[in-house]
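Fold and contact review
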Amino acid sequence: MPGGDSLSPDLPAAGGMPDNIQSGFTRRIPDPAIGADIPSEFFKLNRLIPVSRDSTGHVVVVAADPLDTIPLDMLAAYLGVPIVVSFASDNEIRRMILDRTAALRKSATQILQDSGRYDQPGDAAGRQPKELIWSGADESAVVRLVNTVITEAVDCRASDIHFEPERNGVRIRYRIDGLLQDALHSPDRLKEYLVSRIKVMAGMDISRRHQPQDGSLSVTVKGNPMDIRISAVPTPFGERLVLRLLGRHGLSVDLAGLGMTRETIQSVDAILAQTSGMLIVAGPTGSGKTTTLYACLNRLDAATRNIITIEDPVEYQVPGVSQVQVGGKQSMGFADGLRSMLRQDPDIMMVGEIRDTETASIALRSALTGHLILTTIHTGSPDGAVMRLLDLGADRALICETISGIIEQRLIRLSCPECSARRSESPAGCPECRYTGFKGRTGLFRLVRFDEDVKDAVRRENMKALKTILDRQSRSTLRIQAEMLAETGQTTSAEVLRVLGDRPETRERE
Ligand SMILES: [Zn+2]
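Residues numbered from 1 in each chain as written. Predicted model: local features only at pLDDT ≥ 70, side-chain atom pairs only at ≥ 80, totals over all residues.

Section: the overall build of the protein
Selection rule: By definition, any uninterrupted DSSP run of H or I lasting at least four residues is a helix, any uninterrupted run of E lasting at least two residues is a strand, and each is numbered from the N terminus. To sort residues by exposure, count the other C-beta atoms lying within 10 Å of each residue's C-beta; 20 or more gives buried, 12 or fewer gives exposed, and values between give partly exposed, all with C-beta atoms placed from the backbone. It is the C-beta atoms, placed from the backbone, that decide contacts: two residues are in contact if theirs lie within 7 Å.
If you tally the helices and strands in the protein, you get 20 helices and 17 strands. Within the protein, the fraction of its 510 residues that count as buried is 38%. Counting contacts in the protein only where the partners sit at least 6 residues apart, residues at least 24 apart contribute 60% of the total.

And the structure:
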């Protein structure tokens, strides 16, 4: 065995431990440079982790079972140096593997520190011109920094990357599970280069700094192609960039996977089986409305029905469906898109969002004349969606005729499975969840059907009655579903409050 000389499996003499096994190990953060290219799975599977190099150059490895020599020999052979083994519990090793993952993620910070070294010759020389300091090495540092930031954002399931110029540098934040988290702070001297690099990558005009600009970019991250939409907006400290990583919100594009109950899915299926009418998903920004529509499209038979979408932007490709992008650089809006798509003989149309009078009117009329329309309305509740349509000048009779159902939706963060079990010891989370205590999200859904009582209230434009009827129709409110998740430890009470606010409906539960 190649590593045999390093581990001497024949050593357990006199019933003792092999002499390369030490006791009394105290936990420390593993040096990520040792075996940096070995996947964590190897360490998890074999319950061991290399930690440091000792003064003689041997690598110190901590193992839960130091007598299981095969993986230790493999590791020694791979590293090409003798190893010294210490013992630690499974729990300790699991935590050290997480610490190693976190330490590897700090590589972006490292690039910034490396680039900082190029400051010193300039500082030492006193009057050396700034441009000279910038030649060569630092530019490549910027390229590496941008690449690392994008890769790191993908690794930690971010949906957006924000580059926010400040007086003294650029603050870089990731949106993960719907919330922004600080990632890095880049020094001021990198500011312009960082912005220029991204704009060049996205084919944007780098000389235009004082007007808003949009761009897009296709990259491959760890073998996976990905589209990024970029928006640049001028601020007093420089251009602010937001990179949206399309399709990277970490949500399942499947109704059950999104957390919808079987009962609700059956009702949704009944609506999707119709040949006309309208299904609306209502919720605030970032509540996953569009993902729910995609999940609905995935349930339809694209082979026998002509399905067309009009979106801003196209976030996710649905097999067999024609998807049209509006907004952005295109001058076509939702209403124009809808009008031209109606000439394409559609059976089913998904309209990304109804937010203007014209789109509302065309969509409702199409839903009346043999098209099934799926859409979203930016509002907090089902009655709010009806109110919004009325505000947009939609006809009450048309609303009653066409709307089949309204789904009310929110997204709630789930407790991190890695650290929620040992929350009592370390309430601050773990590297897996970036010390937030949350990892992943699930949906809260309520579907209301447009039955005769509902239509009657809309016809009479009695909004108070409408709300009462809708609330009476569904027993399981979003809050009841969320509180159940909190009771079973899948989320926290604080998260329920964050998503649903204070409880206005207390009296309803009596
Ligand atoms: Zn965690």
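Now that the structure is up, let's keep going.
Examining the environment of Ile150
Within the secondary structure, Ile150 is located in helix 8 (residues 137-155). Assessed through the 22 C-beta atoms surrounding it within 10 Å, Ile150 is described here as buried. When the C-alpha positions of Ile150 and Val219 are compared, they lie 9.4 Å apart, and in sequence the two are 69 residues distant. Residues contacting Ile150, with those up to four places away along its chain left out, are Ile161, Val219 and Val221.

As for helix 10 (residues 262-272)
Cut-off, in case you're wondering: Picture the helix axis, draw a direction to every C-beta atom, and the arc is the one those directions span.
Those residues of helix 10 not exposed but buried are Ile265, Val268 and Ile271. Buried residues of helix 10, seen end-on, are gathered within an arc of 115° and therefore sit on one face of the element. Set apart from the buried face of helix 10 by more than 90 degrees, the exposed residues are Arg262, Glu263, Gln266 and Ala270. Buried residues along helix 10 sit in contact with strand 11 (277-283), helix 11 (289-299), strand 16 (403-415) and strand 17 (438-449).

A look at the packing of helix 17 (residues 452-459) against helix 18 (residues 463-473)
Here is the rule we go by: Note on geometry: axes are lines fitted to C-alpha atoms, helical ones only across the stretch in contact, with angles between N-to-C directions running from 0 to 180 degrees. Note on angle classes: values under 35 degrees are labelled roughly parallel, values over 145 roughly antiparallel, values of 65 to 115 roughly perpendicular, and the remainder oblique. Two helices crossing with the near one rotated counterclockwise from the far one by less than a right angle form a left-handed crossing, whereas a clockwise rotation gives a right-handed crossing. Each residue is assigned to one class: nonpolar for Ala, Val, Leu, Ile, Met, Phe, Trp, Tyr, Cys and Pro, charged for Asp, Glu, Lys and Arg, and polar for all the others, Gly among them.
Two numbers describe how helix 17 lies on helix 18: the axes approach to 8 Å, and their chain directions differ by 165°. Between helix 17 and helix 18, the crossing angle belongs to the class labelled roughly antiparallel. Pair helix 17 / helix 18 crosses with left-handed handedness. Counted together, Asp453, Val454, Ala457 and Val458 of helix 17 and Ala465, Leu466, Ile469 and Leu470 of helix 18 form the full contact between these two elements. Across the contact of helix 17 with helix 18, the residue classes tally to 7 nonpolar, no polar and 1 charged.

Here we look at unusual backbone geometry
Put simply, Asp312 and Pro313 share a cis peptide bond, and its omega is -5°. Its identity is not glycine, yet Arg157 carries a phi of approximately 65°, on the positive side. Turning to its location among the elements, Arg157 is positioned in the loop between helix 8 and strand 5 (158-166). For Glu461, which is not a glycine, the phi torsion comes out positive at approximately 50°. On the secondary structure map, Glu461 appears in the loop between helix 17 and helix 18.

Quick word on the nonpolar core
The condition that has to hold: Under the definition applied here, buried Ala, Val, Leu, Ile, Met, Phe, Trp, Tyr and Cys residues are grouped into a nonpolar core through C-beta atoms within 7 Å.
Counting residues in hydrophobic clusters, the biggest one holds 68 residues, and the most contacted among them are Ile280, Val351 and Ala363. When near neighbours in sequence (up to four residues on either side) are disregarded, Ile280 contacts Thr375, Thr376, Ile377, Ala385, Ile403 and Ile406. If you look at the next biggest cluster of nonpolar residues, it comprises 28 residues, including Ala158, Ile161, Ile176 and Ala232.

Comments concerning the sheet that holds strand 17
The line we're drawing: Any two strands between which DSSP finds at least two bridges are classified as paired.
Strand order in this open sheet of 7 strands is 13-12-14-15-11-16-17, and the pairing throughout is mixed. Only two strands of the sheet have a single neighbouring strand rather than two, namely strand 13 (322-325) and strand 17. With strand direction ignored, the average angle separating the axes of adjacent strands in the sheet is 20°. Bridge count between strand 11 and strand 16: 5 bridges; the pairing is parallel. In the sheet register, Met278 faces strand 16, and the bridge partner there is Ile403. Contacts from helix 11 reach strand 11, strand 12 (307-311), strand 14 (348-351), strand 15 (372-378) and strand 16, with the element oriented near 165° to strand 15.

Here we look at the sheet that holds strand 5
Ordered in space as 7-6-5-10-9-8, the 6 strands form an open sheet in which the pairing is antiparallel. Looking at which strands have only one partner, the edges of the open sheet turn out to be strand 7 (179-186) and strand 8 (213-221). On average, adjacent strands in this sheet sit at an angle of 20° to one another, irrespective of strand direction. Taken together, the 8 bridges between strand 5 and strand 6 (residues 169-176) define a ladder with antiparallel strand orientation. Residue Asp160 lies in a different strand from strand 6, and its bridge partner there is Arg175. Packed onto the sheet, helix 9 (residues 191-201) meets strand 5, strand 6, strand 7, strand 8, strand 9 (224-235) and strand 10 (238-245) and runs at close to 45° relative to strand 10.

Description of the packing of helix 14 (residues 382-391) against helix 18
Contact geometry for helix 14 and helix 18: axes closest at 9 Å, N-to-C directions at 145°. Of the two possible hands of crossing, helix 14 and helix 18 adopt the one that is right-handed. Between helix 14 and helix 18, the contacting residues are Pro382, Asp383, Val386 and Met387 on the first element and Met463, Leu466, Lys467 and Leu470 on the second. Classifying every residue of the contact of helix 14 with helix 18 gives 6 nonpolar, no polar and 2 charged.

Comments concerning the environment of Glu432
On the secondary structure map, Glu432 appears in the loop between helix 16 (417-420) and strand 17. C-beta crowding within 10 Å serves as the criterion here: with 16 such atoms nearby, Glu432 is assigned to the partly exposed category. Put simply, Glu432 and Thr101 are 331 residues apart on the chain and 8.1 Å apart in space, counted from C-alpha to C-alpha. Beyond its immediate chain neighbours, meaning those up to four positions away, Glu432 contacts Leu98, Cys416, Glu418, Cys419 and Lys439.

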